[in-house]
Amino acid sequence: MKTSGVFKTGVALVLGAALLPIAEAGQVTSKGADIVIDTTGGLKIATVDDKFSFKLAGRGQWDLDSYDGVLTSDGDRVNGGDLRRARLELSGTFYTDWSYMFTINIGQDNKDAGTNFSSVGVAYNGWDWGTVFIGRTKEPFGLEELTSSKSITSIERAYWVEATDVDSQPNYGVRLDGFTRFGLGWSAAVNNPNGGPTDADGQENLAFTGRLFYAPIKEAGNTLHFGAAFSDRGLGDDVTVNGFKLDIAEHGGKLDSRTILVNDDKQWDLEALYTRGPFSFQSEYFHRDLGGAQGGPDGEVDAYYLQFTYALTGETRGYKAKQGYPDSIKPSSSSGAWELVFKYDYIEFDQDNVDAEEATGLLLGANYYPNKNLKFMANVISFDSNDVANAIGGDEDATVVSLRMQFAF
């Protein structure tokens, strides 16, 4: 989603309009008694009654990757680096019950050059039962996908995320979210998927996505969470998709399954999370039904992962109870925090009348947090595939080493 000069001008006007209520709210000066400046997490400027606010945050992530085998053209080792994300995040409130979000990707993000938008929209938060958001944001699907990239424990997300378009922010949509004091939360959204097909009349398709989660235990350092999600991608025409498209290393370690022509696409996800002191366990099971088009074969994708983490320095992973997904650990001392990660990933694409394509990965990782703004990550992955159509030569396995430096404020 690239920005033209006219669109950028429009964005500037929208942002100015969002900030105008703050300017009108009172004397916007550090000498006045009617505003508060908070720098504990980004930069937040707000009126004392929090009726109007503005917050600036951001992140930068740099990756180095080394990989070989099936992920390369000749099996030889490849080394390279990428700026994974450079992002500015603007958010705030106006007239107490309204909020806005404006997140800009700058430079390179997912190999897309130029400036583009991750999330932008307005929410109404004045109802007791929940909130409504209009604009562009994540669809409510998947525990690890909903977790911020700042807080995931491995550099790349689980393999199932590479087998769905739910992982990309849609062009636009409406999303409802609710949470009860009993630990039950829900979300429902209607979206126009980014890159989704149109029918013969040019009608854009609409995807319907919903999520339900329950956290019977949600204390600090002691969390138990279960959830389920469903999405009907609402295909309005025949479309060719891959069973999965894996990014094992961001720099270029990719492996795609064969394609299939479909006119129906439904997806399910089951999720579980448990934290107890410095230990955490997280797992998801993903299933995708692909209905063949024009008399062609049907297909199914099944995937799951098991992830264990342990903080050597005693910290515990946070949990956002109202949203129903985990946060990262925060160092408890000036010497920083250390976290170990073990992850097993599996994905399979099964199509009628052909051998199933499979991929597995065993990841060992270590994360170091010098402070709450810096994070260094190291992952070693033993990767194996079986009968994947795009595998090169006789190689079916690979070894991947990935490093990341992250700065977030």
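The structure reproduced in this document is the subject of the present report. Remember, predicted model here, so these are calculated numbers, not experimental data.

## With respect to the overall build of the protein
Here is step 1: Secondary structure summary: the protein contains two helices and 23 strands in total.
Here is step 2: Burial statistics for the protein: of 409 residues in total, 47% are counted as buried.
Here is step 3: Within the protein, residue pairs in contact and separated by at least 24 positions form 60% of the contacts whose partners lie at least 6 positions apart.
Here is step 4: Summing over all exposed atoms, the protein offers an accessible surface of approximately 18,300 Å²; the carbon and sulfur share of this is 57%.

## Digging into a nonpolar patch on the surface
Here is step 1: Taken together, the side chains of L270, Y285, Y304, L306, F308, F342, L362 and L364 make up a nonpolar region of the molecular surface, amounting to roughly 670 Å² of accessible area.
Here is step 2: Those elements that place two or more of their residues in the nonpolar patch are β17 (299-311) and β21 (357-369).
Here is step 3: Structurally, L306 is set in strand β17.

## Side note on the packing of aromatic side chains
Centre distance and the angle of the planes are the two values used to describe a pair of aromatic rings.
Here is step 1: Going through the model one piece at a time under the given rule, you end up with 22 aromatic pairs.
Here is step 2: With 6.3 Å between their ring centres and 25° between their planes, F179 and F213 make a pair best called stacked. Here F179, found in strand β8 (residues 172-179), pairs with F213, found in strand β10 (residues 207-219); they are 34 residues apart in sequence, far enough to count as distant.
Here is step 3: Of the residues examined, F213 reaches a relative accessible area of 2% and is grouped as buried.
Here is step 4: What links up through ring pairs into an aromatic cluster is the set F52, F94, Y95, W98, Y100, Y124, W127, W129 and W186.

## A look at the environment of R157
Here is step 1: Relative to the assigned elements, R157 resides in the loop between α2 (143-146) and β8.
Here is step 2: Classification of R157 as buried rests on a relative accessible area of 13%.
Here is step 3: Spatially, the C-alpha atom of R157 lies 7.0 Å from that of E144, the residues being 13 residues apart in sequence.
Here is step 4: When sequence neighbours within four positions are dropped, the list of residues in contact with R157 reads R85, K138, E144, E145, T147, S148, S149, I152 and K343.
Here is step 5: Here E144 takes part through its backbone oxygen, which lies 3.1 Å from a polar atom of the side chain of R157.
Here is step 6: Within the local environment of R157, its side chain forms a polar contact with the backbone oxygen of T147, the two atoms lying 2.6 Å apart.

Thresholds, definitions, all that
Residues numbered from 1 in each chain as written. Predicted model: local features only at pLDDT ≥ 70, side-chain atom pairs only at ≥ 80, totals over all residues. Heavy atoms only, no water. Helix = DSSP H or I, 4+ residues; strand = E, 2+ residues; numbered from the N terminus. Buried < 20%, exposed > 50% of the residue type's maximum accessible area, 1.4 Å probe, protein only. Contact = heavy atoms within 4.5 Å. Areas by Shrake-Rupley, 256 points an atom, 1.4 Å probe, with all protein chains shown as cover. Patch = residues over 30% accessible without salt bridge, like charges linked within 9 Å, V, L, I, M, F, W, Y side chains within 5 Å. Salt bridge = Lys/Arg side-chain N within 4 Å of Asp/Glu carboxyl O. Phe/Tyr/Trp six-rings, centres within 6.5 Å; stacked < 30°, edge-to-face > 60°. Polar contact = N/O pair within 3.5 Å; in protein donor to acceptor, adjacent residues only side chain to side chain.

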